[in-house]
Amino acid sequence: MASAEHIKYTFNAIEKKWQKKWHSEKTFSVTEDPDRKKYYLLEMFPYPSGRIHMGHVRNYTIGDVIGRYKRMQGYNVLHPMGWDAFGLPAENAAIKHNTHPATWTFENIDYMRQQLMRMGFSYDWDRELTTCDPDYYRWEQLFFIKLHEKGLVYQKVTTVNWCETCQTVLANEQVINDSCWRCDNLVLPQKMKGWFFKITDYAEELLAECENLKGWPEKVLTMQRNWIGKSIGAEIDFPVKGSDKSLKIFTTRPDTIFGATFMSIAPEHPLVNDLCRGKGQEQAVHDFVQQTIIRKQRQKPDEEIDKEGVFTGSFCINPYTGDELPVYAANFVLMEYGTGAVMAVPAHDQRDYEFAKKYDIPIKGVIQPEGQNLNSDTIEEAYEGPGTLVNSGNFSGMASDPAKTAITSYAEQKGFGKKQITFRLRDWGVSRQRYWGTPIPMLHCDKCGVQPVPEKDLPITLPTDVQFDETGKSPLHSMEEFYKTTCPVCGGEARRETDTFDTFVESSWYFARYASPDYQAGPLESKAVSYWLPVDQYIGGVEHAILHLLYARFFTKIMRDLGYISIGEPFENLLTQGMVIKDGAKMSKSKGNVVDPSELVEHYGADTVRLFSLFAAPPERDLEWSDQGVEGAYRFLTRVFRYVMDKSVTFANHNMEIPKELNEASRALHRKTHQTIRKVSTDLKNDFHFNTAISAIMELVNMLFAQAGGEAQESVEPAVVKEAVKAILLLLSPMAPHICEELWERTGHSVPIADTPWPEFDPEAAKDEELTIVLQVNGKVRSRLQVAPDTAEDVLKEKAVADEKIQKFTEDKPIRKIIVVPKKLINIVV
RNA sequence: GCGAGAGUGGCGGAACUGGUAGACGCACUGGACUUAGGAUCCAGCCCACUUCGGUGGAUGGGGGUUCAACUCCCCCCUCUCGCACCA
């Protein structure tokens, strides 16, 4: 019997021992090996904000289990880690603490790297990359220049989302409820010049390929589809009466065009001034436009505003009917979508209906729903469904769908319209007025205009000797040494672009760089990327369902079209893990419910923290943190440790064969062992449900304790116990690797568990000797039957009917039917 | 408003293609060991009734299909997330 001291679970020493070993022996470093099947596993890399939080721990633990499991299955597993190191918090911290963003960032990285290592994650640290490293972002600059050549980036002045607090522009995707995604302050519209990626050129492909992303959660795909927002319709020109101009509208309902009774245009529409000039409406329109714009800014996120508008004084001619339609500037028409002008059909569009009622505009029904009689004088809401066209000239009598095509073709023939597909997706604005980011490799020459920086001059490195002031403005804007340059065309004086990239650019391609992180001759080494890509399993939070994942998909297509890679989609399978919750709310400093991973590791060890975050909930669901639950995970590991240490001497000294003849207790354990291997293997393979896998292992451990405890029981064959313990250690090792390696070693294994193959179960051994057949009478459980698995159906029926308890319920009632579910149950209907 | 997901003991969560509802863990209760126990081990633990053998009820609510429903269908309620005047 081992001494108490000997069996103490000294997790701290054990974990550090193995972490050191993994590090020094480069256990998890990999290289391309064409003879082995690769598995590229990736978790979303962190922003180095200071310390890792529970969300990271959960995300990376899930990934680590998969990585270690795949590795034991013989895959060549690439599992890298790095840092999304550019971003605004570094600048804010720099101003606040009077330090440099780089200093702050690198200190955080050092600290967080050590935290991750302390968790025992199986990363290939040789591939660690940091996006603020010029060796990384230089390739981003190269992409940009190449895309500029291809016409896929351009500069334009637009109304952008400006965050006053962050002193920068935000992409549409970064505006949440009209507020900044980072600081939560209200975002204001501002006109500004900036660089854009033509992501809309890829809208169709990004949408279509959603169909092929079989390994993605439907929820994420739906969000992406909605975000891209494809609408098929028509663009029609409505001539302005008494003018040579016309108003271009977009509609998805050309079949309702005969029902148009007015036009509405966005307050910001460029024709607004022309339309009201000389009509006596200038003042009214001007006031309305001003008022609407101001109100839009002040509007609260969820507020539904009343539909309002003002007559511009002009009329448009409906090219189908010749009707004169009054043109209104209306507050609900969006300049950013379609053409910024719409034809209004109050009978068949609820918004137009409300507007028409308010301003007393006629309502004209042109779609007759099947089996109803729509009377446009009495309807109380618009009918938006399909139907048969009425009052629609030659098109009357047609059904909505064919009418859409017919009416559009007519416009095409006559030359005043065409079929048009509109996307909700906007081009991606990437200019940020910030310092701590990748410099945009462009310059402006007064003579030659905007020019890309020549490839040979790359990278444009971010200067480090900069001063910050309280305003938060980027120091680059006033830094002559940086922006003063010469024009590559004429050699004259030129001004370098002082904006930097949106940091989402860095995270849009890092997964590809991991394949060849140190490659100097280009962004990607083709041999390496063609071996490793695509990512087989990507894991991260749902909060990136649109932003990051859409950009990464876009960049993959760009890199493909630039010839760097041959794949079109970056992530084969996507797992979006749920949030970590405490006391019913997301962990946050303001709520005071944060749990610090490092404190827990200190107290219980990394294995316990890992085990609990896997056990408490399946990965895709939110995880409710429970301090007592952690205690339970710790208790379990301690139990395993004590049990194995108790037997370790026996195990280490004997290579035991399992005898052919076993007593009942031994057979039961042997069976349970193989059933556990089967259960854990399927849980890990199918849906990463680690919680049920762990509970299966717990059951096996419980059985060992139960058999060891009872004195009256027959003794269990040591070889069978050894087999069970081996299985427990192997199955548990991806989740709690340190303790398993330690016990593995102490039970006499010289090859580490990480290099040991995943166990196979013996179907013969896993087979139940006896089955419990449930006996029901009229669907209610009345008794149970123990039978051999191969018992014939007639015998089963016979036994069931003869069962004492069953007889109580069936006597003097005729048996109408007996239903037999093989190996499960018998239901007797009386 | 639209779209997606979810509602199961005191709690986190199990339940394969319809077939024993509540695995496993936490909390709780009792016992053993003990100077002590907040360590460990064993046992109990959905609710109600009970002659302690059982009986009835129970997976948000209501209805339906079926020999059999947490699981399938219809209606309703609640919660979470996403989108939100997208023409």
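Bear in mind that the values here come from a model prediction, so they are computed numbers and not experimental data. (Residues numbered from 1 in each chain as written. Chains lettered and ligands numbered in written order. Predicted model: local features only at pLDDT ≥ 70, side-chain atom pairs only at ≥ 80, totals over all residues.)

Quick look at the overall build of chain A
Argument step 1. When its secondary structure is counted, chain A shows 25 helices and 34 strands.
Argument step 2. Expressed along its principal axes, the backbone C-alpha trace of chain A runs to roughly 105 × 85 × 50 Å.
Argument step 3. Here chain A holds 830 residues, and 42% of them are scored as buried.
Argument step 4. Look at the contacts in chain A between residues 6 or more apart in sequence, and 71% of them connect residues 24 or more apart. (Helix = DSSP H or I, 4+ residues; strand = E, 2+ residues; numbered from the N terminus. Buried ≥ 20, exposed ≤ 12 C-beta atoms within 10 Å, placed from the backbone. Contact = placed C-beta atoms within 7 Å.)

Focus: the protein's contact with RNA strand B
Argument step 1. Lining the immediate surroundings of RNA strand B are 63 residues, of which Thr 251, Gln 628, Gly 632, Ser 695 and Gly 779 lie closest.
Argument step 2. In terms of residue count, helix H20 (residues 690–709) provides more of the surface near RNA strand B than any other element does, nine residues in total.
Argument step 3. Tallied by class, residues from the surface near RNA strand B come to 20 nonpolar, 24 polar and 19 charged. (Near = placed C-beta within 6 Å. Nonpolar A, V, L, I, M, F, W, Y, C, P; charged D, E, K, R; others polar.)

A closer look at the sheet that holds strand E12 (residues 262–265)
Argument step 1. Taken together, the four strands give an open sheet; going across it, the order is E13-E14-E12-E15, and neighbouring strands pair in mixed fashion. Edge strands, defined here as strands with exactly one partner in the open sheet, are strand E13 (309–317) and strand E15 (341–344). Going across the sheet, the axis of each strand differs from the next one's by a mean of 30 degrees, ignoring polarity.
Argument step 2. Bridge analysis of E12 against E15 gives four bridges, and the strand direction is antiparallel. Residue pairing in the sheet places Met 263 in a bridge with Met 343 of E15. (Pairing = 2+ DSSP bridges. Axes fitted to C-alpha atoms, helices over the stretch in contact; angles between N-to-C directions.)

Some thoughts on the domain arrangement of chain A
Argument step 1. As far as domains go, chain A holds domain 1 (35–130 + 512–597), domain 2 (139–198 + 427–501), domain 3 (230–423), domain 4 (641–766) and domain 5 (771–829).
Argument step 2. Look at where the C-alpha atoms of domain 1 and domain 3 centre, and you get two points 47 Å apart. (Domains from an automatic or database assignment.)

Points about the sheet that holds strand E11 (residues 246–251)
Argument step 1. Across the sheet, three strands lie side by side as E11-E10-E18; this open sheet has antiparallel pairing. Each edge of the open sheet is held by one strand with a lone partner, namely E11 and strand E18 (417–423). Along the sheet, successive strands turn relative to each other by an average axial angle of 30 degrees, direction set aside.
Argument step 2. The pairing of strand E10 (residues 230–239) with E11 spans six bridges and is antiparallel. Note that in E11 the partner of Ile 236 across the bridge is Ile 249.
Argument step 3. Its contacts with the sheet place helix H11 (residues 400–414) against E10 and E18, and it is angled at close to 120 degrees to E18.

Digging into the environment of Trp 744
Argument step 1. Along the chain, Trp 744 falls in helix H22 (residues 737–746).
Argument step 2. Assessed through the 22 C-beta atoms surrounding it within 10 Å, Trp 744 is described here as buried.
Argument step 3. Those residues in contact with Trp 744 that sit more than four places away from it in its chain are Leu 729, His 749 and Ile 753.

A few points about unusual backbone geometry
Argument step 1. Here the residue pair Leu 458 and Pro 459 is connected by a cis peptide bond, since its omega of -5 degrees sits within 30 degrees of zero.
Argument step 2. Cis geometry is found at the peptide bond from Leu 533 to Pro 534, where omega equals 0 degrees.
Argument step 3. Inspection of the secondary structure puts Pro 534 in the loop between helix H14 (526–532) and strand E26 (535–541).
Argument step 4. Positive phi, close to 60 degrees, is recorded for Asp 360, a residue that is not glycine.
Argument step 5. Inspection of the secondary structure assignment puts Asp 360 in the loop between helix H10 (350–359) and strand E16 (367–368).
Argument step 6. Using a count of 6 C-beta atoms within 10 Å as the deciding quantity, one classes Asp 360 as exposed.

Quick look at the nonpolar core
Argument step 1. Formed by 149 residues in total, the largest nonpolar core has its most connected members in Ala 512, Leu 611, Leu 637, Ile 697, Ala 724 and Ile 728.
Argument step 2. For this core, the element with the highest residue contribution is helix H18 (residues 627–653), accounting for 10 residues.
Argument step 3. In contact with Leu 611, other than residues within four places in its own chain, are Ala 633, Leu 637, Ile 694, Met 735 and Ala 736. (Core = buried A, V, L, I, M, F, W, Y, C linked by C-beta atoms within 7 Å.)

Some thoughts on the packing of helix H19 (residues 664–686) against helix H21 (residues 718–732)
Argument step 1. Interaxial distance between H19 and H21 falls to 9 Å at its minimum, and their mutual angle equals 15 degrees. One way to sum up the angle between H19 and H21 is to call them roughly parallel. The handedness of the crossing between H19 and H21 comes out as left-handed. Contacts between H19 and H21 pair Ser 666, Leu 669, His 670, Thr 673, Thr 676, Ile 677 and Val 680 from the former with Val 720, Val 721, Glu 723, Ala 724, Ala 727 and Leu 731 from the latter.
Argument step 2. Residue composition of the contact of H19 with H21, by class: eight nonpolar, four polar and one charged. (Parallel < 35°, antiparallel > 145°, perpendicular 65-115°, else oblique. Left-handed = near helix turned anticlockwise from the far one by under 90°.)

Examining the pairing of E10
Argument step 1. Relative to E18, E10 runs antiparallel, the two being bridged by seven bridges. Its bridge partner lying in E18, Ser 231 is registered against Thr 422.

Side note on the packing of helix H3 (residues 88–97) against helix H4 (residues 101–118)
Argument step 1. Where H3 meets H4, the axes come as close as 8 Å, and the angle between the chain directions of the two elements is 115 degrees. In terms of orientation, H3 lies roughly perpendicular with respect to H4. In the packing of H3 onto H4, the handedness of the crossing is right-handed. Counted together, Ala 90, Glu 91, Ala 93 and Ala 94 of H3 and Pro 101, Trp 104 and Thr 105 of H4 form the full contact between these two elements.
Argument step 2. For the contact of H3 with H4, the residue count by class is five nonpolar, one polar and one charged.

Some remarks on the environment of Ala 724
Argument step 1. Among the secondary structure elements, Ala 724 is positioned in helix H21.
Argument step 2. Sequence-wise, Ala 724 and Asp 469 are 255 residues apart; in three dimensions their C-alpha atoms are separated by 65 Å.

Describing the environment of Ile 257
Argument step 1. Mapped onto the elements of the fold, Ile 257 is located in the loop between E11 and E12.
Argument step 2. With 30 C-beta atoms counted inside 10 Å, the residue Ile 257 sits in the buried group.
Argument step 3. Between the C-alpha atoms of Ile 257 and Ile 236, which are 21 residues apart in sequence, the distance is 9.8 Å.
Argument step 4. Setting aside anything within four residues of it in sequence, one finds Ile 257 in contact with Tyr 320, Met 343 and Ile 407.

Quick look at the confidence of the model for chain A
Argument step 1. Averaged over every residue, the pLDDT of chain A is 89; residues scoring 70 or more account for 96%.
Argument step 2. Across residues 1–5 the pLDDT falls below 50, and counting only partners more than four positions away or on other chains, this stretch makes three contacts in the model.
Argument step 3. Overall fold confidence for the complex sits at a pTM of 0.92, while the interface term, ipTM, reaches 0.94. (pLDDT = per-residue confidence, 0-100.)

Notes on the pairing of strand E24 (residues 493–496)
Argument step 1. The pairing of strand E21 (residues 442–445) with E24 spans three bridges and is classified as antiparallel. When the bridges of E24 are listed, Cys 445 appears paired with Ala 494.
Argument step 2. Linking strand E23 (residues 484–486) to E24, which pair antiparallel, is a turn of six residues; within it Gly 491 sits at a positive phi near 80 degrees.

Regarding H22
Argument step 1. With eight of its 10 residues buried, H22 lies for the most part within the structure.
Argument step 2. For H22, the full list of buried residues reads Pro 737, His 738, Ile 739, Cys 740, Glu 741, Glu 742, Leu 743 and Trp 744.

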